[in-house]
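Breakdown of the fold
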2 protein chains.
Amino acid sequence: MQKFNPDEPFVTLVTPTAPIQPSTHGGRAKCLQRLVRLDLPVPRTVALSFGTVHDIANGEMPDLDQLLSQFQPVALLCVRPSSQDPDWGGPGAILNVGMNDASFVELSDKLGAEAAASIYQRFVQTYAIHVARLDPDVFEEIDAQGQQGLSDALMAYEEEAEEPFPQSPAVQLAEVLRSMARAWEGTSARLLRQAKGAPVDAGLGLVVQEMALGLGHGECGSGVLQLVNSDTGLPQITGRYLSQSQGREALAAGAKSLFLEQDDRGPSLQDLAPQAFEELKEHAALMRRRLRAEMQIEFTIENGRVHILDGVRVDRSARGNVRIVVRLVEDGIITRQEALMRVEPRALVELLHRQVDPDAVRDVIANGIAASPGAATGRIVFSAADAQASAARGEPCILVRRETSPEDVRGMHASVAVLTERGGMTSHAAVIGRGLGLPSVVGAACIRIHPKRAQIIARDGRVFQEGDIITVDGTNGEVLSGAPEMLEARLDDSFQTLMDWADAEGEIDIRANADTPADAAIARGFNAHGIGLCRTEHMFFDPGRLTVMQEMIFADAPEDRRAALDQLLPMQIADFTELFRIMHGQPVCIRLFDPPLHEFLPSDRAGLRDLAEALDLPVSDVTRRVQSMEEHNPMLGLRGVRLGLTVPEIYEMQVRAIFEATLTASKEGDPVVPEIMIPLVSAPREVEIVRTRIDAVAAAVRNEHGRDFDYRLGVMVETPRACLMADKIASSVDFLSFGTNDLTQMTYGLSRDDAGRFMSAYVNQSVYKEDPFHILDVDGVGELLTVGFERARAANPDVVMSICGEHGGNPESIAFCRGLGFNYVSCSPFRVPVARLAAAQEAIRLKIATS
Amino acid sequence: MQKFNPDEPFVTLVTPTAPIQPSTHGGRAKCLQRLVRLDLPVPRTVALSFGTVHDIANGEMPDLDQLLSQFQPVALLCVRPSSQDPDWGGPGAILNVGMNDASFVELSDKLGAEAAASIYQRFVQTYAIHVARLDPDVFEEIDAQGQQGLSDALMAYEEEAEEPFPQSPAVQLAEVLRSMARAWEGTSARLLRQAKGAPVDAGLGLVVQEMALGLGHGECGSGVLQLVNSDTGLPQITGRYLSQSQGREALAAGAKSLFLEQDDRGPSLQDLAPQAFEELKEHAALMRRRLRAEMQIEFTIENGRVHILDGVRVDRSARGNVRIVVRLVEDGIITRQEALMRVEPRALVELLHRQVDPDAVRDVIANGIAASPGAATGRIVFSAADAQASAARGEPCILVRRETSPEDVRGMHASVAVLTERGGMTSHAAVIGRGLGLPSVVGAACIRIHPKRAQIIARDGRVFQEGDIITVDGTNGEVLSGAPEMLEARLDDSFQTLMDWADAEGEIDIRANADTPADAAIARGFNAHGIGLCRTEHMFFDPGRLTVMQEMIFADAPEDRRAALDQLLPMQIADFTELFRIMHGQPVCIRLFDPPLHEFLPSDRAGLRDLAEALDLPVSDVTRRVQSMEEHNPMLGLRGVRLGLTVPEIYEMQVRAIFEATLTASKEGDPVVPEIMIPLVSAPREVEIVRTRIDAVAAAVRNEHGRDFDYRLGVMVETPRACLMADKIASSVDFLSFGTNDLTQMTYGLSRDDAGRFMSAYVNQSVYKEDPFHILDVDGVGELLTVGFERARAANPDVVMSICGEHGGNPESIAFCRGLGFNYVSCSPFRVPVARLAAAQEAIRLKIATS
């Protein structure tokens, strides 16, 4: 809690020069002072500091005469909360404080007895429930209106409180202030605001303002007005106005409000009070210009006279926000940097994908993990083959699997969305789904998938058959029955403008993880600075290639393996040539073959039989061989560079393909300098051996073609040991890319595929602050990254360093990487815009910090 | 290469004061100097330094007249290698250098023409093959003996060399020196000695000695003599003597030698030359006393006169060595510390287990990894159940499995040895085998095991059936057909004496990993300082308990789980009570339940059917549930503390059992302070939550019994992240035990169960210096241990720290742990003696270094 300064006046009149800051009096008080400075017609207002309110909560009520003396002649008052950040919430405003029998008489003269009674009655009710904390039911049951209602309310109060309704404005105000101060200190209020990021000792200020009544014989009323459409961000006067009403609350209560501008559909404020309307527009434009933001103004009209009660930043959609900040820049109101800082990077995701219309009816049949954002509607299919068949017929389909494996990737390509029963944020389905920009819900444990019966049993027992239409909402993790209304993705000109500004600021390159030509094209579309991670294994799952792979796996002699791989060589050359072409000379980092070989072998009986037939071997032999290759912990098994060393023919074929493709693509256009990355290194010697072999292949290819080319060799640092050995590894390579997925798995001893079963329990109990596969674990994994980075940099000042993996595109990771000095981060294509903006923000933040 | 000092005389006469050191002239030269100092009858000897020999190899032959002038009147010479360490080898000795036509005439007068011709012929042949490098076949084919043989040899020389046999002793000597110097520099010699630990620049000295002929008319001959039995280490004059022979080589050539001492079985040296025999005994005793080691002396007798040509340390078995060094201490010749330093800790393993008699015929049917030392013979069984049945019948059996799992542990207990087709040094079979002291060969990939047909197909195609007798030799990784002769384990009094001395020196405690009362009893027998790791999971595999576990796993509500576990509580109380009783108040560190629950579920159809029946559920439900619990990487899955947090009832039951057992055992004897260890921690909060729950159980038990007890809580640090977070973890616990098995797996990203498939290729190619599951990886894992240790110590100076895991008993690990300041290491019971000795050596080494 900010210390209360005894010399500070406990109440500050809001004048242009009063010492009011968000950090002492809260955001609302500060905003009101700004409006006063703009000479807007703001009713007389005083502000109570955090310290004062804290004292009030602890029973030290200041001398209220000092406060009330600011409002002479005596007037009705309203009290509003003013926390440092408006998002942190606070107790509701209380209007008409000071209302009593005497002011009732006075007001009756001005407004008529019924209207005055209505004001008094509402105040009594509010006071009873929120200040005196009497039984709400008693007061909400009062049906009568006007004078009868007032009389009922006063009587109820006296019965419940066992004393008459207080008549002293000072007593009323004291109780109102105390109740609001105490509400702020309550446990649930504290937990709620802490969940929104408020510090433990966040303070509450209060604002006491003279009421502008909004009731009377001339045109009176209250409303809100803003100059933009909240959804699109385009200029449009929007808001609501209700004659004979008080405050924002009256509008929110569902009362039928008027249009603001003239409208054919009904009466408008412009019709009723054209001059007040013009004044409000001018006030709003002035506020936009001088407060440098699109503001919603809260106003009251009293006999045609405009009062500005408050101003808040316009509520807006992600798309609206982008348009708003770009327009503010175009109008010369804010700088590009300010605009960039006003967009939350993660909010861009909403723009990049179709969404279920927020107004659509949602028939939720399952909940799971929102693994890849966006929404899509299609027919249920249960196998990759069916997905491909469906895509061939032009029917959008949704692939539904217990979990996906590399064999499903082609089926995922053919689907519009993916739903799995198992897996977490970094399961195969989730990773590939994000990579493809495919809406995905994974780990939907509440449903049962019966592939054999071609059925999904929803959590409520409903059965969905193959071919039924469902909608996967990967933004919030829900699966819906049928086809609700959708909103299309919106990559408009203001998005492109913002991204261009971001690139001008960002000081760390953003590359994309892209395995296929389609991925690469998306990455280009999002202006990625190259491909940071091209995983090559999926290239071997093509039906034509898979059989050759299996032949290779079953070969006993290196020559036989080589013969099998020779069949794949032209295909791999074509793969890489196409990637190089699409990327037009931008860097492409190709990771050599990584997964365990048994991923390419069947595990069910039918598959084993087929394989035995294809290889002309007894089923028992094939089964035995397949079983002997099974691993207890494939993640920690014979894969990556271990395979590269023990079955060297695969890497030899791959690097030959890369070099041949390099020559072909370089002949056609920009010279290509491929980057070759060795996965799963744990000892420097692994790199030395592979480097020697790659150099030999390069020499052979140069020799055969009589042409020269360059290439860069690097290591994927993804074991803790590789981080510790980074100095020794870095001295013999051109680049290191830290694979944070596997590094997180090994640092925690936690398989991402298996973590889903308890991760949410862990995060809910705060065992882990966050899912470390989602938000980079700065304490543990981050320390290993830091050690690896610093050792490598010291040993080889020229080594290029980066992060690839699921964390790459996260703002937190980018700040971390930028802080250390990484050269680039690489992320899923659809995360590239998020990463570009985050990188820009991080650069701006650092500029501000050091300027 | 040691720099050659030009001021240094290139040849040094071996006198008591000559400047001769092993580091300049080699071990043999130094030993000969020592013999000279003892005034033993050593023929005149000169030594050539490393520098001189290096120069000779490079073509710079010194002035040999200076050398030859030392042997006036001219004599025959022998040249022997003298490397720094005798184990590093060197070129063979060359005798009778200087033999030519003139000395042949001279010798003929002395010995007769045939004997002289024989000497000359052998020299020509040796010179031709080893010095002139002529075709060996030509010279080995010469059948004739005596003068004819000599004539053939000289003619063959002249034909092959195209010049007559050199007659100048100076030329002969120069060529002999050059050929020996060059042989040392050859690639294969260098590789061989480097494999034995020689540095790259290891030097060779040469020793030139006047020949004592061993031929003549009186009693002449040569031999070796020592005062102990090499195998037992007990006093016994052993050796060989051959009349009319020259040098050790003659003895080694399979010639029939005489006994030394009088013997009923035949003539002896004592008979032939009683005085020479007595002299030799005295010389040997003097050497033992003054050179402070059991020495074998090489001698020649020339007409009854004894010459001592050389002395080397007696070759010995591991058992013999222990006895020898203990006797040297008892005789006041060396100190206890010296004795301890002279025993290689790993060699003790040979003493602790039965071994196949080295002289037995070995019919090897399979090779695998020598996973647990010792040998055992028994009948083949293919299942744990059959093993138990066999044990019940009193028939020793050998459990043969593709690989073992926790369900096999009881079968392993019932077997005398284990053989598996899969797995590496740290596979389940290997770890449990070592823990039980059970001879084990794992990863015998050359055989095929057909459990269904109850057959093993050996690598040569032979088929062995269930019930056939085989022998598993876990010391060298071989499986033998039948029952070869065995040598029993030999834990004699000298072993105990040595161990007692070790304990007096060791400055780090040695505890044992012991899961069962049997393990604990062995640990006590080896004087372990407590149990460092009691794994509790095996306790749940008892048939009676397994069903209850499965019931618990299938229960949906905590109450149901608790009800199931309540059935196990009394059994767990009995388990722990017995352990505490056996350990008599010594510390017992119990690791809470660690493995994933699916290990307790069946995976085959029959098992699933049985389980469905037992639980009264449809098979499809049970199958589905079992499948849903399968994990991709169980090592990195839902186990350890993760299970402790998500299924808290298991830990609650276990700690209750520990506390109840503590009260029971404390009532009976020494007060017990159990140590409770939480496995697989990756975040400090995991410890906080478990600690709170354990405290609550402790409070409840204290309350129920109205009695107090203490306990200590600790964490098994086995994830890289726990090492990094060790400060935060240490501040709230009493001890940390670093589990190097899992830590190695996670640091390398390498599953110990799967590493076997490529580890030997990796070590052979020096990708890894050593198998990191066998020898602690000081660079990578060691750095994490260091970080963890230092952070924990800084945060909590009182925290007790240790290492448990397979590395615990290794001398390298002990040196590492002692260096950092760990409080104890814990290892398999049968490794305890090794560890105790290693700890003593490390302490002595440090004392020497700092004194």
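Here the structure is a predicted model, which is why all the values come from computation and not from measurement.

Conventions adopted
Residues numbered from 1 in each chain as written. Chains lettered and ligands numbered in written order. Predicted model: local features only at pLDDT ≥ 70, side-chain atom pairs only at ≥ 80, totals over all residues. Heavy atoms only, no water. Helix = DSSP H or I, 4+ residues; strand = E, 2+ residues; numbered from the N terminus. Buried < 20%, exposed > 50% of the residue type's maximum accessible area, 1.4 Å probe, protein only. Lys, Arg positive; Asp, Glu negative; His and termini not counted. Charge placed at Lys NZ, Arg CZ, Asp CG, Glu CD. Least-squares fit on C-alpha atoms with pLDDT ≥ 70 in both. Contact = heavy atoms within 4.5 Å. UniProt positions renumbered as here; feature names shortened; annotations may be inferred. Axes fitted to C-alpha atoms, helices over the stretch in contact; angles between N-to-C directions. Left-handed = near helix turned anticlockwise from the far one by under 90°. Nonpolar A, V, L, I, M, F, W, Y, C, P; charged D, E, K, R; others polar. Pairing = 2+ DSSP bridges. Core = buried A, V, L, I, M, F, W, Y, C linked by side-chain atoms within 4.5 Å. Parallel < 35°, antiparallel > 145°, perpendicular 65-115°, else oblique. Polar contact = N/O pair within 3.5 Å; in protein donor to acceptor, adjacent residues only side chain to side chain. Patch = residues over 30% accessible without salt bridge, like charges linked within 9 Å, V, L, I, M, F, W, Y side chains within 5 Å. Areas by Shrake-Rupley, 256 points an atom, 1.4 Å probe, with all protein chains shown as cover. Salt bridge = Lys/Arg side-chain N within 4 Å of Asp/Glu carboxyl O.

Looking at the overall build of chain A
Check the secondary structure of chain A and you find 35 helices and 30 strands. Oriented by its inertia axes, the alpha-carbon framework of chain A measures out at about 105 × 60 × 50 Å. Residues counted as buried form 58% of the 851 residues belonging to chain A. With 82 positive and 119 negative side-chain charges, chain A shows a spacing of 4 Å between the two charge centroids.

Some thoughts on the relation of the copies chain B and chain A
Taken as rigid bodies, chain B and chain A are interconverted by a rotation of 180 degrees and an axial shift of 0.0 Å, the fit giving an RMSD of 0.1 Å. Expressed as an axis order, the relation between the two copies is that of a two-fold axis. Minimal C-alpha distance to the rotation axis in chain B is attained by B:N633, lying at 2.1 Å. When the interface residues of chain B are mapped onto chain A, 100% of them again fall at the interface, so both copies present the same face.

Points about the UniProt feature "binding site: Mg(2+)" (unreviewed entry) in chain A
Residue and element names in this part refer to chain A. The feature "binding site: Mg(2+)" (unreviewed entry), as annotated in UniProt, sits at E718 and D742 in this numbering. Sequence-wise these annotated residues cover 25 residues; spatially they are packed, their C-alpha atoms never more than 5.4 Å apart. On the secondary structure map, E718 appears in the loop between β27 (712–717) and α29 (720–724). Among all residues touching E718, those that are not within four sequence positions of it are R639, P679, L680, G739, D742, L743 and M746. Along the chain, the position of D742 falls in helix α31 (residues 740–748). A relative accessible area of 6% means that D742 is categorised as buried. Not counting chain neighbours up to four residues away, the residues in contact with D742 comprise M635, R639, L680 and E718.

Side note on the packing of helix α22 (residues 543–554) of chain B against helix α23 (residues 558–583) of chain B
All names here are of chain B. Across the interface, α22 lies against α23 with an axial gap of 8 Å and an inter-helix angle of 145 degrees. The interaxial crossing formed by α22 with α23 has left-handed handedness. Where α22 approaches α23, its residues R545, V548, M549, E551 and M552 are matched on the opposing element by R561, A564, L565, Q567, L568, M571, Q572 and D575. Residue composition of the contact of α22 with α23, grouped by class: seven nonpolar, two polar and four charged.

Quick notes on the sheet that holds strand β8 (residues 295–302) of chain B
All names here are of chain B. The strand order across the open sheet formed by four strands is β7-β6-β8-β9, and the pairing between neighbours is antiparallel. The open sheet has two edge strands, β7 (235–243) and β9 (305–313), and neither has a second partner. When strand polarity is set aside, the average angle formed by the axes of neighbouring strands in this sheet is 20 degrees. Taken together, the seven bridges between strand β6 (residues 221–228) and β7 define a ladder with antiparallel strand orientation. By the bridge assignment for β7, G221 is matched with S243.

A closer look at unusual backbone geometry
Glycine aside, the phi torsion of most residues is negative, and most peptide linkages are trans. All names here are of chain A. Despite not being glycine, Q244 shows a phi value in the positive range, around 50 degrees. You can see Q244 is positioned in the loop between β7 (235–243) and α11 (247–252). Of note, the phi angle at H584 is positive, near 45 degrees, even though the residue is not glycine.

A few points about the nonpolar core
One broad rule of soluble globular proteins: the nonpolar side chains tend to lie buried together. Of all hydrophobic cores here, the largest spans 285 residues; its most connected members are A:F659, A:L736, B:F659 and B:L736. Beyond its immediate stretch of four places on either side in the chain, A:F659 contacts A:I676, A:I694, A:V697, A:A698, A:V701, A:F709 and A:Y711.

Let's talk about the packing of α22(B) against helix α24 (residues 605–615) of chain B
All names here are of chain B. One way to put it is that α22 packs onto α24 with a least axis distance of 11 Å and a crossing angle of 75 degrees. The pairing of α22 with α24 is recorded here as roughly perpendicular in orientation. Residues T547, Q550, E551 and F554 of α22 lie in contact with α24, whose contacting residues are L611, A614 and L615. Looking at the contact of α22 with α24 residue by residue, the class counts come to four nonpolar, two polar and one charged.

Overview of the UniProt feature "active site" (unreviewed entry) in chain A
All names here are of chain A. Taking the UniProt record as the reference, the feature "active site" (unreviewed entry) is found at H428 and C804. Along the chain, H428 falls in helix α19 (residues 428–436). Leaving out residues up to four positions away in the same chain, H428 has contacts with T404, S405, P406, V409, M412, G433 and D753. In this structure the side chain of H428 is engaged in a polar contact, spanning 2.7 Å, whose partner is the side chain of T404. Relative accessible area serves as the criterion here: at 0%, C804 is assigned to the buried category. Those residues within four positions of C804 in sequence are excluded, and the remaining contacts are N513, L533, M716, S737, F738, G739, T740 and S826.

Thoughts on a negative patch on the surface
Residues and elements named next belong to chain A. Taken together, the side chains of D135, D137, E140, E141, D143, E158, E159, E160, E162 and E163 define an acidic patch exposed on the protein surface. Those elements that place two or more of their residues in the negative patch are α7 (136–140) and α8 (146–161). Ranked by the residues each element gives to the negative patch, the list is headed by α8, at three residues. If you trace the backbone, E163 turns up in the loop between α8 and α9 (169–185).

Looking at the sheet that holds strand β14 (residues 397–401) of chain A
Residue and element names in this part refer to chain A. Strand order in the open sheet made by the eight strands is β11-β21-β20-β13-β14-β15-β16-β12, with mixed pairing throughout. With one partner strand each, in any of the chains shown, β11 (364–367) and β12 (369–372) form the two edges of the open sheet. Pairwise comparison of adjacent strand axes, ignoring direction, gives a mean angle of 30 degrees for this sheet. Both β14 and strand β15 (residues 417–420) contribute to a ladder of four bridges, which runs parallel. Note that in β15 the partner of V400 across the bridge is L419. Strands in contact with helix α17 (residues 384–392) are β13 (375–381) and β14; relative to β14, the strand with the most contacts, it is inclined by about 180 degrees.

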